[in-house]
Amino acid sequence: MTGQHAIGSGFGHDSTADEVLDGIDLTGKLAVVTGGYSGLGLETTRALAKAGAHVVVPARRPDAAKEALSEISGVEIDELDLGDLNSVRAFADRFLASGRSIDLMIDNAAIMAAPETRVGPGWEAQFATNHLGHFTLVNRLWPALAAGGGARVISVSSSGHRRSDIRWDDLQFEQGYDKWQAYGQAKTANALFAVQLDALGKDSGVRAFALHPGGILTPLQRHLEREEMVEFGWIDAEGNPLNPGFKSPEQGAATQVWAATSPKLEGLGGLFCEDCEIAELSTDDSPGVRPYAVDPASAARLWTVSADLTGENAFR
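This write-up is about the structure you can find in this document. Predicted model only: the values in this text are computed from it and were never measured.

Structural remark: α-helix, 3.6 residues per turn; residues separated by three or four positions point the same way. Along its length, helix α5 (residues 125-140) shows its largest kink, about 30°, at Leu-132. Of all 16 residues that make up α5, 15 are buried, and the element is covered over most of its length. With a side-chain oxygen positioned 2.8 Å from the backbone nitrogen of Gln-126, the residue opening α5 is Glu-124.

The next thing to look at is the sheet that holds strand β2 (residues 54-59). Strand order across the open sheet formed by eight strands is β3-β2-β1-β4-β7-β8-β9-β10, with mixed pairing between neighbours. Where the open sheet ends on each side, the last strands, each with one partner, are β3 (75-79) and β10 (277-278). The pairing of strand β1 (residues 30-33) with β2 spans three bridges and is classified as parallel. Each bridged residue has a counterpart across the sheet, and for Val-32 the counterpart in β2 is Val-56. Strands in contact with helix α10 (residues 254-261) are β4 (104-107), β7 (152-156), β8 (207-212), β9 (271-274) and β10; relative to β7, the strand with the most contacts, it is inclined by about 160°.

Before going further, it helps to spend a moment on the packing of aromatic side chains. Across all of its chains, the model carries seven aromatic pairs by this definition. Where Trp-303 meets Phe-315, the ring centres are 5.9 Å apart and the plane angle is 65°; that geometry is what we call edge-to-face. Here Trp-303 is found in helix α11 (residues 296-310), whereas its partner Phe-315 is found in the segment after α11, with 12 residues between them in sequence. Three or more aromatic residues joined by ring pairs form one cluster here, namely Phe-135, Trp-142, Phe-193, Trp-303 and Phe-315. Sitting above the plane of the Phe-173 ring, Arg-167 keeps its charged end 3.7 Å from the centroid.

Time to look at the pairing of β1. Each regular strand carries side chains that alternate between the two faces of the sheet. Burial along β1 is two-sided: Leu-30 and Val-32 facing one way and Ala-31 and Val-33 facing the other are all buried. On the question of chirality, the crossover connecting β1 to the parallel β2 by way of helix α2 (residues 39-50) is right-handed.

Attention now goes to the pattern of salt bridges. Side-chain pairs of opposite charge can arise whenever the charged atoms involved come near each other. Counting across every chain of the model gives 13 salt bridges. With its nearest N and O atoms 2.5 Å apart, the salt bridge here joins Glu-43 to Arg-46. Here Arg-46 and Glu-43 lie together in helix α2, a separation of three residues that amounts to about one turn. Among the ionic contacts, a cluster of salt bridges with common partners joins Asp-18, Glu-43, Arg-46 and Lys-50.

Okay, the side chain of Asp-103 next. Locating Asp-103 in the fold gives a position in the loop between α4 (85-97) and β4. Buried charge without a partner: Asp-103 forms no salt bridge, and the closest opposite charge is Lys-29, 4.3 Å away. At 2.8 Å, the side chain of Asp-103 forms a polar contact with the backbone nitrogen of Leu-30. When near neighbours in sequence (up to four residues on either side) are disregarded, Asp-103 contacts Gly-28, Lys-29, Leu-30, Gly-150, Ala-151 and Arg-152.

Along the chain, the position of Arg-152 falls in strand β7. Given the relative accessible area of 7%, Arg-152 is considered buried. Every residue in contact with Arg-152, bar those within four places of it in the chain, is listed here: Asp-103, Leu-104, Met-105, Arg-207, Phe-209, Trp-258, Ala-259, Ala-260, Thr-261, Ser-262, Leu-265 and Glu-266. Within the structure, the side chain of Arg-152 is placed 2.8 Å from the backbone oxygen of Ser-262, a separation counted as a polar contact.

Among the nonpolar cores identified, the biggest contains 51 residues, and Phe-95, Ile-102, Met-105, Leu-141, Leu-145, Val-153 and Leu-197 are the most heavily contacted of them. Excluding its chain neighbours within four sequence positions, the residues that come into contact with Met-105 are Val-32, Leu-137, Val-138, Leu-141, Leu-145, Arg-152, Val-153 and Ile-154. Residues Ala-47, Ala-59, Leu-69 and Ala-253 belong to the second largest nonpolar core, which totals 35 residues.

Next up on the list: α10. Burial analysis of α10 places eight of its eight residues in the buried class, the great majority of the element. When α10 is considered as a whole, its buried residues turn out to be Ala-254, Thr-255, Gln-256, Val-257, Trp-258, Ala-259, Ala-260 and Thr-261.

For the pair α2 and α10, the least separation of the axes is 9 Å and the interaxial angle reads 45°. With respect to their mutual orientation, α2 and α10 come out oblique. In this structure, the crossing between α2 and α10 has a hand that is right-handed. Along the contact surface, α2 presents Leu-40, Thr-44 and Leu-48, while α10 presents Gln-256, Val-257 and Thr-261. Here the residues of the contact of α2 with α10 are counted per class, giving three nonpolar, three polar and no charged.

With respect to the helices and strands, the residue Val-195 is situated in helix α7 (residues 179-201). By relative accessible area, Val-195 is classed as buried at 11%. Sequence-wise, Val-195 and Ala-208 are 13 residues apart; in three dimensions their C-alpha atoms are separated by 7.1 Å. Setting aside anything within four residues of it in sequence, one finds Val-195 in contact with Gly-270, Ala-293, Val-294, Pro-296 and Ala-299.

Procedures and definitions
Residues numbered from 1 in each chain as written. Predicted model: local features only at pLDDT ≥ 70, side-chain atom pairs only at ≥ 80, totals over all residues. Heavy atoms only, no water. Bend = angle between axes of the 7 residues up to and from the residue. Helix = DSSP H or I, 4+ residues; strand = E, 2+ residues; numbered from the N terminus. Buried < 20%, exposed > 50% of the residue type's maximum accessible area, 1.4 Å probe, protein only. Polar contact = N/O pair within 3.5 Å; in protein donor to acceptor, adjacent residues only side chain to side chain. Pairing = 2+ DSSP bridges. Contact = heavy atoms within 4.5 Å. Axes fitted to C-alpha atoms, helices over the stretch in contact; angles between N-to-C directions. Phe/Tyr/Trp six-rings, centres within 6.5 Å; stacked < 30°, edge-to-face > 60°. Lys NZ or Arg CZ within 6 Å of the ring centre and 35° of its normal. Right-handed = clockwise from strand over helix to strand, strands pointing away. Salt bridge = Lys/Arg side-chain N within 4 Å of Asp/Glu carboxyl O. Lys, Arg positive; Asp, Glu negative; His and termini not counted. Core = buried A, V, L, I, M, F, W, Y, C linked by side-chain atoms within 4.5 Å. Parallel < 35°, antiparallel > 145°, perpendicular 65-115°, else oblique. Left-handed = near helix turned anticlockwise from the far one by under 90°. Nonpolar A, V, L, I, M, F, W, Y, C, P; charged D, E, K, R; others polar.

Worth remembering: the numbers are spatial, not functional.
The following block contains the structure:
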């Protein structure tokens, strides 16, 4: 049984973050947005702060974050490198020491199609940064998420999840590296994380959603050569956008903001969203989410594997 069916949100592909927040007052709410100073994260931070939220932005480059967010009020910056679990734990401990609860958590930061890179004990960097870093962060911050009794955790996945299921026999690409398959596995992991977190957290009032934000040209593409993006039909030879389906950053941030705040999602969770709506299941090239990315058994298995790798599990 799956709840992957549209609910008539009233929004769509072209909706912006400000539009989905129209009429929603976030005064007194605290949001955490990883990578909230660049690309979609910057627009997400701006929109949430505009709606009244206090936004904590954990940043791998705090100085760059301060510059990017200098004109947005209600924002707090701290240091966090998702590829370094000691950095993740240190940030979480500092936040917990403040005694505050978290109302909205948007796991937005990511790397895409990076050259083969190893972090920590030799982990593949995309899986480690995009998934294991956020897994550790959410588990360490669990007391603050559970404290308010109604938090939402948003895991930013991608249509890139279609490139790979979880490679259970070679999670770390020790038998040969493919940057796009590695990205796909990491994005599938982001989706499965939301499924299991929701299952574990809903009795505490914490619900989780994953999403595809849409195609957007942002600094996420920094590891791609221009020729590669031209070949994909994303840009022309001069670097101008070509794909008519691409979104602006304001539109790209809309689905994660919608998932974090929409009253229509009350009582729901563990679902994959796109275009400010719950996505349909898809096994072909049509929009939607692959069944393996929302499979409860795979989600539970990945949680166990991730807990073993990181040593973190708030639900032991």
